[in-house]
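Observations on chain architecture
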Amino acid sequence: MIRAANLAWIDYAIMLIYFVFVLGIGYGLRRFMKTSTDFFLSGRSIPAWITGLAFISANLGAQEVIGMGASGAKYGILTAHFYWVGAIPAMVFVGLFMMPFYYGSRARSVPEYLKLRFDEKTRAVNAVSFAVMTVFSSGISMYAMGKLFKLLLGWDFSFSIWVSAIIVLAYIFLGGLTSAIYNEVLQFFLIVFGFLPLVLLGLRSVGGWDGLRDRLMAVSTGRGLEPAALTSSWTFMGHAGSNPIGVDWFTLVAGLGFVLSFGYWCTDFLVVQRAMAADSMTAARRTPLIAAFPKMFFPFLVILPGMIALAAGAGVYNKTAGQKGVQSGSVAAVQVAQVDKSGGPPASAQPPRAEGQGIIPPKEDAVTGKAEVDSNGRPVLDYDLATPMMLVHYFPAGLLGLGLTALLASFMSGMAGNVTAFNTVWTYDLYQSYMRKGASDQHYLWMGRVATIFGIGLSVAAAYVAASFNNIMDLLQLVFAFVNAPLFATFALGMFWKRSTGHGAFTGLISGTLAAAVHHGLTLPQGAVAGVKGGYFGVLTTYPSELAQTFWTAIFAWTTCFIVTIIVSSLTRPRPDDQLKGLVYSLTDKPREGDIPWYKRPVVMAVAVLILTVILNLVFS
Amino acid sequence: MGLDIRLPIGGMFFIVGLLLTIYGVATSGDPAYQKSLSIDINLWWGLVMVIFGVIFLGFGIRGASKIKHGTEDSPEGQAIEAREHEASLEV
C-alpha cells in the first residue's frame, strides 16, 4: 500500500473555507433563479471573461488534472499536443464560425440546434446519447476521485463521493447554471493557485527546464527511445515508432487535431452551454477565445508535474560519453539523492525504486496487492498517481491542504459541468419535447431542479457500478467514443452546407458510429489481445499504439458520416432556404463588430491565439 | 447576475492566503519545510494569495460602487430606465 498522507488542522480548514464559499455562492444566487432561462442559461447575462474561464474550467475535471499528469509521465511534453493541436484550433473555430449559429439561433441546447437545423430524430439521438454520457462520465470521475482520496488520505470511498455529490447538488439546485459557472471561475483560480507552486518547486528541485530535460534523457533511453524523445513535441513525430505516443504526425493532426478535437470542443454541450450563457453574441464568440489563452499554458500546470514526477528519481544521461543508461555517479545524481533525503519520509521507508520511475509508485494488482510487472519483468507504473504523489512529495501541511482542495475543486467543476448540461438536455430536449409539452415555465424550472437531483443520484450510482465492475466502464467509454467520433461531420455539414437534410444527418450519424465500431473491431494496438481493446471481428491491421488506433477509429467514423450524409442528403428533399435563416452560414448575416474596439474583436483575438500557439510549438518542438 | 463573482473569489483568496501566511510565520523553520526545498512556501504563497485576493476585492468593490451610483442617479439614466421599462427590456 502507498503511504497515506496525514493532514493537519490547517489542511482541513482550507477545505472547509472552500466548501463554505462554494455553497455561499449558490445560496447568494438562489433568489435570482426565477425562470427556467435563469436556471438553465443564466438568463443569457454573463460577461465574456466569466463564461470564458468557466468554458475551460468545466472541462478541467479531475480526470484532466490527474490524466494529463499521468500522460506527462508516460509521453512527456508530447502530451501538450492534446492542448496545442487537440484543443486550441477547435476552440478558435467554434468561437469564430460556429457560435453565431448556436447563439444566434436562440437554441437552448446543442441537441435543440440539431432539431432546428435538421429534424426531431437527429435531436433525439443526440440528446439521449449525450444525457447518458454526462451521467456516466460524471460517475466515472467520481469513482476515480473516491479511489484516489482513499489511497492518498485513507478517506472512505463512500464518504468522499457523497460529500462532494451533496455539495455540488446543493449549489446547482440553488443557483442553477449561474452557480455552476461562478463556481467554475472560483475553481479555475483555485486550480491555478494550487498547482502553480507544485510546478515551481518541482522545477526548482530538478534544476529547471534544462535540468528536467537532462534527467528525462536517461528515462527516455531506458525506454529505447532517442534521448530527447520525451522533451521534444515535434522532432520525433515523423514515425510512430520513434516517439513515446506511438503516433505519426498525420494521424495526430487528422485524428486528434481535427476529428476528435473539433468533435468535442465544437459540439459538446458541456462546454458550448457556457458560451450560450454569455450576455451578447460577441461575448458568446469571445468565450472560447478567452478560454484559449489560459488553455494553451495549461500544459505547464498539469503536464509538467507528471514529467517532474518521472524525473525526480532519475539519473542524468551522460552526453559527453554518449552512453545510454544512467550515470549514477554524476554530480546531478548526487543532487537527486540529496533532494530525496530532504524531501518526504526517509528513503528506507519506501520500496526500492526502479530506474526511470521517479516518485511514481508501481501499479498494484487489485486482487493480490502485489506490484504488477510487464512482460520484461519491469514494474508497471501507476501513472495516475504521478500528480497526487507530487503533491504529497513537495507540499508541507498548509499548502498540501491547498493542493488537495484544488484537486477537489477540479473534480467538482467537472461534475457540475456534466450535471448542468444534463439537467438542461433532460428538461428541454427530452422532458419538454417528448413527455410533457406546453407546461408552464415554472414547471420546467421545477423539473430542472428535480433533474439535478436524479442526475447526481445516477452519477453516484454509476460511481458504485464503476467501483465493482471496472470493465463495464471501459466498455461504456468505448461506446461513447463511437457515438462522439462522427458528430463534427454532422455539425459541419449542417452549418456550412445548406443542402444537407435531416435524413442525411441521421443516417450519417448512425453509420458513422457503426463505422467506428467496425473499424475498432477489425484492428488492434500492438501487443494487445482481442477483446475490449478491439479485434473482436478479427484482426485486419495492427496499430503501433492504442492512441493510433483511437485516432484512426475517429477518422474512419468521421469520413463515413461525412460521405453518407452527403449522399443521403442529395437523395432527399432539402428544406426551403427561408427556414434555414440563422442556422446555416450562407443564409445568415455576418455578425457586425463595427462598434467593438479592435482588440476585443473575435477575429483579432483568434489571430493572437493562433500566433501564440505556433510560438509555443516552435519553442518546445 | 446580481452577485459580483469577484467579491467571493477575492474574499476566499484573501482569507485562505492570510491563514497560510500566519501559519507560515508560526511554523517558520519547521523541519516539514524540507519537503518544499527549505522554502517557507506557506508564508510566501500565502502572501501571493493575499495580494491576488485584495486585487479581486478591489475590482469587485469598485464595480459595485459604479453600479450603485450608475443609471438611476442621473436624469438621463432615469430616462433610459423608463424607456427600458416601457419596452420591457429590463434585465
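Criteria and thresholds
- Residues numbered from 1 in each chain as written.
- Chains lettered and ligands numbered in written order.
- Predicted model: local features only at pLDDT ≥ 70, side-chain atom pairs only at ≥ 80, totals over all residues.
- Helix = DSSP H or I, 4+ residues; strand = E, 2+ residues; numbered from the N terminus.
- Rg over C-alpha atoms; globule rule 2.2 N^0.38 Å.
- Buried ≥ 20, exposed ≤ 12 C-beta atoms within 10 Å, placed from the backbone.
- Contact = placed C-beta atoms within 7 Å.
- Core = buried A, V, L, I, M, F, W, Y, C linked by C-beta atoms within 7 Å.
- Nonpolar A, V, L, I, M, F, W, Y, C, P; charged D, E, K, R; others polar.
- Expected span 1.5 Å × (residues − 1).
- Bend = angle between axes of the 7 residues up to and from the residue.
- pLDDT = per-residue confidence, 0-100.

**Brief notes about the overall build of chain A**
Scanning chain A for helices and strands turns up 22 helices and 2 strands. For 621 residues, the compact-globule estimate of 2.2 N^0.38 gives 25 Å, and the C-alpha radius of gyration of chain A, at 24 Å, lies within 12% of that figure. For the C-alpha atoms alone, the extent of chain A along its principal axes is close to 75 × 55 × 55 Å. Across the 621 residues in chain A, those meeting the buried criterion constitute 57%. Taking contacts inside chain A between residues at least 6 apart in sequence as the whole, the part at least 24 apart equals 79%.

**Topic: the overall build of chain B**
Looking only at helices and strands, one finds 3 helices and 0 strands in chain B. The order of α-helices and β-strands along chain B, N terminus first, is α-α-α. A burial count over chain B gives 29% of its 91 residues as buried. If you take every contact in chain B between residues at least 6 apart in sequence, the share linking residues at least 24 apart comes to 66%.

**Observations concerning the nonpolar core**
Residues and elements named next belong to chain A. Counting residues in hydrophobic clusters, the biggest one holds 222 residues, and the most contacted among them are Y102, V168, V185, I308, A309 and I360. Among the elements that make up this core, the one with the highest residue count is helix α9 (residues 157–206) (25 residues). V168 has contacts with M412, M415, A416, V419 and I456, leaving out every residue within four places of it along the chain.

**Comments concerning the interface of chain B and chain A**
Taken together, the contact pairs 24 residues of chain B with 35 residues of chain A. Only α1 (6–26) and α2 (41–68) of chain B provide two or more residues apiece to the side of chain B that touches chain A. With 9 residues, α1 of chain B is the single largest residue contributor to the side of chain B that touches chain A. For the side of chain B that touches chain A, the residue count by class is 18 nonpolar, 5 polar and 1 charged.

**Details of helix α6 (residues 88–104) of chain A**
Residue and element names in this part refer to chain A. With 17 residues, α6 should reach 24 Å at 1.5 Å per residue; the first-to-last C-alpha distance of 23 Å fits that figure. At M98, α6 is deflected by roughly 60°, the largest bend along its length, and proline P100 occurs up to four residues later in sequence. The buried fraction of α6 amounts to 13 of the 17 residues, a majority that puts the element mostly inside the structure. Just beyond α6, the residue with positive phi is R106, at close to 60°.

**Overview of unusual backbone geometry**
All names here are of chain B. The phi torsion at L37 lies on the positive side, around 55°, for a residue other than glycine. For L37, a count of 16 C-beta atoms within 10 Å gives the class partly exposed. Even without a glycine there, the phi angle at S38 is positive, about 60°. Take S38: it is sitting in the loop between α1 and α2. Judged by C-beta crowding, with 12 C-beta atoms within 10 Å, S38 ranks as exposed.

**A look at the environment of V16 of chain B**
Looking at where V16 of chain B falls in the secondary structure, it is placed in helix α1. Separated by 45 residues in the primary sequence, V16 of chain B and I61 of chain B place their C-alpha atoms 19 Å from one another. Once you skip the residues sitting within four places of it in the chain, V16 of chain B turns out to touch I14, I17 and L402 of chain A together with M49 of chain B.

**Notes on the confidence of the model for chain B**
Detailed reading of the predicted coordinates is not advisable wherever pLDDT falls low. All names here are of chain B. Across chain B, pLDDT averages 81, with 69% of residues at or above 70. Predicted confidence in chain B is weakest over helix α3 (residues 75–86), with a mean pLDDT of 60, and strongest over α1, with 94. What the predictor reports for the complex is a pTM of 0.87 with an ipTM of 0.86.

**Notes on the environment of R285 of chain A**
All names here are of chain A. Tracing the backbone shows R285 in helix α13 (residues 281–311). Judged by the 29 C-beta atoms lying within 10 Å of it, R285 is buried. R285 sits 182 residues away from Y103 along the chain, and the two C-alpha atoms are 8.5 Å apart. The residues touching R285, leaving out its near neighbours within four places in the chain, are G95, L96, M99, P591 and P602.

**What to know about helix α11 (residues 249–265) of chain A**
Side chains that are three or four residues apart share a direction in an α-helix, a result of its 3.6 residues per turn. All names here are of chain A. Look at α11: only 21 Å from first C-alpha to last across 17 residues, short of the 24 Å you get at 1.5 Å a residue. Of all 17 residues that make up α11, 12 are buried, and the element is covered over most of its length. Taken as a whole, α11 has its buried residues at T251, L252, G255, L256, G257, F258, V259, L260, S261, F262, G263 and W265.

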